[in-house]
Amino acid sequence: MRLYPKVIPTIAREVVQTLMQDGDLEVETLRIADAEMDMQAIMKEYLAADERVNAATREALDRRGYDHSRFNQVKREMADVRGFKMGDEGIEYVIGQMIEFLLISRNVEEVFSDDPILRKKIFGIFKRHLDVDDEIDREARARLKHLQEGTAAWEGEYSKTIELLRRSRGLI
């Protein structure tokens, strides 16, 4: 799962609304927008930390003289050094941060549910919004059935199709 900046407001809104509707959370009406902004801030900080790891990775690649094909390998090293969680672990980390913040936020009156219940509900919201990469991949491959996979033509068209599908869904 990958967190896209454009879905952050939607996820934050759904987290607060769902938890309120299910009776897991109590937020004063005037503070709902602030509670949503708190959730957004957590996700935005995660993306900022991810960008810092990416910058350190690019620096390390240049310093070591590696080409960018080793980006993911070096990024994992940089993330480990910094204690940064990536992928599904990163999403779990963000969800944990959101739950912790709900418990201390001045914008939340009361939290009625236990952490595992909150985690499950928030994860479901994330999954609904972040599992789009697999859908986009399947749709792109379906559109490119006329080309032989692995060829230069297929690779070029695949990249273009992926970008087009992400744009059409408002992800980039």
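This text follows the structure it describes.
Residues numbered from 1 in each chain as written. Predicted model: local features only at pLDDT ≥ 70, side-chain atom pairs only at ≥ 80, totals over all residues. Heavy atoms only, no water.

Draft legend 1. Fine view of the packing of helix H2 (residues 32-64) against helix H4 (residues 87-104). Where H2 contacts H4, the two axes come as close as 10 Å, and the packing angle between them is 145 degrees. Seen from above, H2 lies across H4 with right-handed handedness. Between H2 and H4, the residues in contact are Asp38, Met39, Ile42, Met43 and Tyr46 and Gly87, Gly90, Tyr93, Val94, Gln97, Met98, Phe101 and Leu102, respectively. Of the residues that constitute the contact of H2 with H4, the class distribution is nine nonpolar, three polar and one charged. (Axes fitted to C-alpha atoms, helices over the stretch in contact; angles between N-to-C directions. Helix = DSSP H or I, 4+ residues; strand = E, 2+ residues; numbered from the N terminus. Left-handed = near helix turned anticlockwise from the far one by under 90°. Contact = heavy atoms within 4.5 Å. Nonpolar A, V, L, I, M, F, W, Y, C, P; charged D, E, K, R; others polar.)

Draft legend 2. Main features of H2. Across its 33 residues, H2 extends 48 Å between first and last C-alpha, which sits within 8% of the 48 Å expected from 1.5 Å per residue. One or two residues past the end of H2 sits Gly65, with phi positive at roughly 80 degrees. (Expected span 1.5 Å × (residues − 1).)

Draft legend 3. How the structure looks around the packing of aromatic side chains. Under the criterion given, the structure shown has two aromatic pairs. Pairing Tyr46 with Phe84 gives two aromatic rings, centres 5.0 Å apart and planes at 20 degrees, and the pair type is stacked. Taken together, the residues span a long stretch of sequence, with Tyr46 in helix H2 and Phe84 in the loop between helix H3 (71-82) and H4 at a distance of 38 residues. An identical accessibility class is assigned to Tyr46 and Phe84; each is buried. The interplanar angle of 15 degrees and the centroid separation of 4.8 Å between the aromatic rings of Trp154 and Tyr158 together place this pair among those described as stacked. Of the two residues, Trp154 and Tyr158 are both situated in helix H7 (residues 152-168); the distance of four residues between them amounts to about one turn of the helix. Take Trp154 and Tyr158: they sit in the same class, and that class is buried. Arg70 extends its terminal NZ or CZ atom over the ring of Tyr66, reaching a point 3.9 Å from the ring centre. (Phe/Tyr/Trp six-rings, centres within 6.5 Å; stacked < 30°, edge-to-face > 60°. Buried < 20%, exposed > 50% of the residue type's maximum accessible area, 1.4 Å probe, protein only. Lys NZ or Arg CZ within 6 Å of the ring centre and 35° of its normal.)

Draft legend 4. Layout of the pattern of salt bridges. Taken as a whole, this structure holds 14 salt bridges when the rule is applied. Salt-bridge contacts for Lys121 lead to Asp22; the nearest nitrogen and oxygen are separated by 3.3 Å. Taken together, the residues Lys121 in helix H5 (residues 115-130) and Asp22 in the loop between helix H1 (8-21) and strand S1 (25-26) connect sequence positions 99 residues apart. The class for Lys121 is partly exposed, based on a relative accessible area of 26%. A salt bridge links Lys160 to Glu157, with the nearest nitrogen and oxygen atoms 3.9 Å apart. Remark: Glu157 and Lys160 occur in helix H7; sequence separation between them is three residues, near one turn of the helix. You can call Lys160 exposed: its relative accessible area is 56%. Taken together, the shared-partner salt bridges in this structure form one network comprising Asp22, Asp24 and Lys121. (Salt bridge = Lys/Arg side-chain N within 4 Å of Asp/Glu carboxyl O.)

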